[in-house]
Amino acid sequence: MTPLAGSPLAPPDLLKLKNYLINSVSREMEARPPSPRQRREAIQQLLQQGYETTKLNLPDFQRDQVFKEIIDGLVGFGPLQTLLDDPTISEVMVNGPNMVFIEQNGKIIQTDVRFENDDAILRIIDKIILPLGRSIDPDNPTVDARLPDGSRVNAVIPPVAIDGPSITIRKFMKDKLSMDQLVSGGSITKGMAEMLRACVISRLNILVSGGTGSGKTTFLNILSSYIPSNERIVTIEDAAELKLQQPHIVRLETKPPNAEGKNAVGIRELVRNCLRMRPDRIIVGEVRGGEALDMLQAMNTGHDGSLTTLHANTPRDATSRLETMCLMAGINFPIKVLREQIAAAVDVIVQQARLKDGSRKVTSITEISGMEGDTITMTEIFKFEQSGVDKDGKIIGELRPTGIRPAFSPRLEASGFRLGPEIFVANVNEMMGNRRR
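Parameters and conventions
- Residues numbered from 1 in each chain as written.
- Predicted model: local features only at pLDDT ≥ 70, side-chain atom pairs only at ≥ 80, totals over all residues.
- Heavy atoms only, no water.
- Pairing = 2+ DSSP bridges.
- Helix = DSSP H or I, 4+ residues; strand = E, 2+ residues; numbered from the N terminus.
- Axes fitted to C-alpha atoms, helices over the stretch in contact; angles between N-to-C directions.
- Buried < 20%, exposed > 50% of the residue type's maximum accessible area, 1.4 Å probe, protein only.
- Polar contact = N/O pair within 3.5 Å; in protein donor to acceptor, adjacent residues only side chain to side chain.
- Contact = heavy atoms within 4.5 Å.
- 1 Å grid on protein atoms, 1.4 Å probe; cavity = no way out; pocket = protein on both sides within 12 Å on 5 of 7 lines; lining within 4 Å.
- Points joined across faces, edges and corners; volume = space filled by probe spheres on them.
- Nonpolar A, V, L, I, M, F, W, Y, C, P; charged D, E, K, R; others polar.
- Expected span 1.5 Å × (residues − 1).
- Phe/Tyr/Trp six-rings, centres within 6.5 Å; stacked < 30°, edge-to-face > 60°.

*Asks:* What's the story with the sheet that holds strand 4 (residues 142-146) in this structure? I'm lost.
*Replies:* Strands pair in a sheet through their backbones, by hydrogen bonds, and they do so in one of two ways: parallel or antiparallel. Pairing in this open sheet of 6 strands is antiparallel, and the strands run 3-2-1-6-5-4 from one edge to the other. Pairing within the sheet leaves two strands with one partner each, and these edge strands are strand 3 (107-110) and strand 4. Direction aside, neighbouring strands of the sheet carry axes that sit 15° apart on average.

As structure tokens, then:
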């Protein structure tokens, strides 16, 4: 391993150098462990010292790359760290050692990031979950976790992952989106945003519905920002993602079972427990099972202004899914009674969608207005109307009011919000003209 001065090393020799430096740094750090705050700086210094002992004279770009890969492996999350550091990437998906994909600007792209083998992926999984007290093994082959910055992680290993371990990371955006940014980006209109703000402050119960990756949690965060700062908020999540700015917050997170498969604490237990914590607002990150019934009962017994999300493709599908999840609670309600519970509890459904061009939009805001016979009645207040696709594949369309003022308007007015006709009518001039005629 003695190349000419300034010439790059071939891959086999580069791997030998990396292993030598990693072993050298690891021995020094075991002998004299640095403080957590000084860890990165100490590794950098030890790498430089170890490199100087080799008498190599690599090109700067190759030396810096070797140092970065080693630091990422020792302090960060190995080959994934570069992707995690890129603010334009919203999701990282590891399907195998040579199959690493990202979502960037709404598009799925395969990267040139590589792992040595499946064991290298397993080491990254362990590095993520061990500080959280979680574990993964063939008997418990799936795990949900989060990174220190709040990014959500799901990992799956064999035997359920047939082709080897897989990691999916939904990155937490450090620059928190605001409603104004969604308005300027075309995801929602100013009138829709104004009405939703009034709904949150007026303590209406809101359900955010949408498919995977449609932006439900992001939108829930934004809606939560409208909750007054003097209210006590309890958040309940599988893996804590919500980042609320109010001072009076209690954050609850589920607990997986221990090694014996016991002592798990699920969403349902946390929803029941939070009712004894005197919450003004309950925010459930996502309802997936029997906890939906507990959430509805909370909404119907004085906990107005609650917020949650669920997976569904339309507002009508959302009510059907709520029915199904309530039945998972094991209580045999007649369907009509269950639907009456849903109609009484949920005031507004906000439908999110990730369109084919990668953009995310609020495609519908729907009021649950009551019951007719055995059917939940719904009134669409705003909807997205697609008119075509341009030459670049970008979807062309418009978010428009349907012309119907919601039946909950008196509740908004009681809280001081008098929303004008321009919010609910697509063309106010046309409306005035019709009145004159």
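*Asks:* Honestly, the side chain of aspartate 294 in this entry has me stumped. Any pointers?
*Replies:* Considering the arrangement of structural elements, one finds aspartate 294 in helix 10 (residues 291-299). Here aspartate 294 falls in the buried class, since its relative accessible area comes to 8%. Of the polar contacts made by the side chain of aspartate 294, one reaches the side chain of arginine 272; its length is 3.4 Å. If we ignore the near neighbours within four places in the chain, the residues touching aspartate 294 are Arg268, Val271 and Arg272.

*Asks:* Got a minute to help me understand empty space enclosed by the protein in this structure?
*Replies:* To find the voids left in a structure, one rolls a probe of water-molecule size over its atoms. Applying the stated criterion across every chain yields a total of 1 cavity of 30 Å³ or more. Its boundaries defined by the atoms lining it, the largest cavity holds a volume of some 50 Å³. Forming the boundary of the largest cavity are Leu207, Val287, Ala292, Met295, Leu296, Met299, Thr308, Leu322 and Val346. A total of 4 residues in the lining of the largest cavity trace back to one element, the largest contributor, which is helix 10. Partitioning the lining of the largest cavity into residue classes produces 8 nonpolar, 1 polar and no charged.

*Asks:* I'm lost on helix 3 (residues 60-74) in this one. Help?
*Replies:* In an α-helix there are 3.6 residues to a turn, and that puts residues three or four apart on one side. The terminal C-alpha atoms of helix 3 lie 21 Å apart, and with 15 residues this matches the ideal 21 Å at 1.5 Å per residue to within 8%. Buried residues of helix 3: Gln62, Val66, Phe67, Ile70, Ile71 and Asp72, and no others.

*Asks:* Help me understand the packing of aromatic side chains, please; the structure alone is not making it clear to me.
*Replies:* Aromatic ring pairs are defined here through the distance separating the ring centres and the angle between the ring planes. Taken as a whole, this structure holds 2 aromatic pairs when the rule is applied. A centroid spacing of 5.9 Å and a plane angle of 85° characterise the contact between tyrosine 51 and phenylalanine 67, whose relative ring orientation is edge-to-face. Linking tyrosine 51 in helix 2 (residues 39-53) with phenylalanine 67 in helix 3, this pair joins segments that are 16 residues apart in sequence. With respect to burial, tyrosine 51 and phenylalanine 67 carry one shared label: buried.

So yeah, pure geometry; function would need other evidence.
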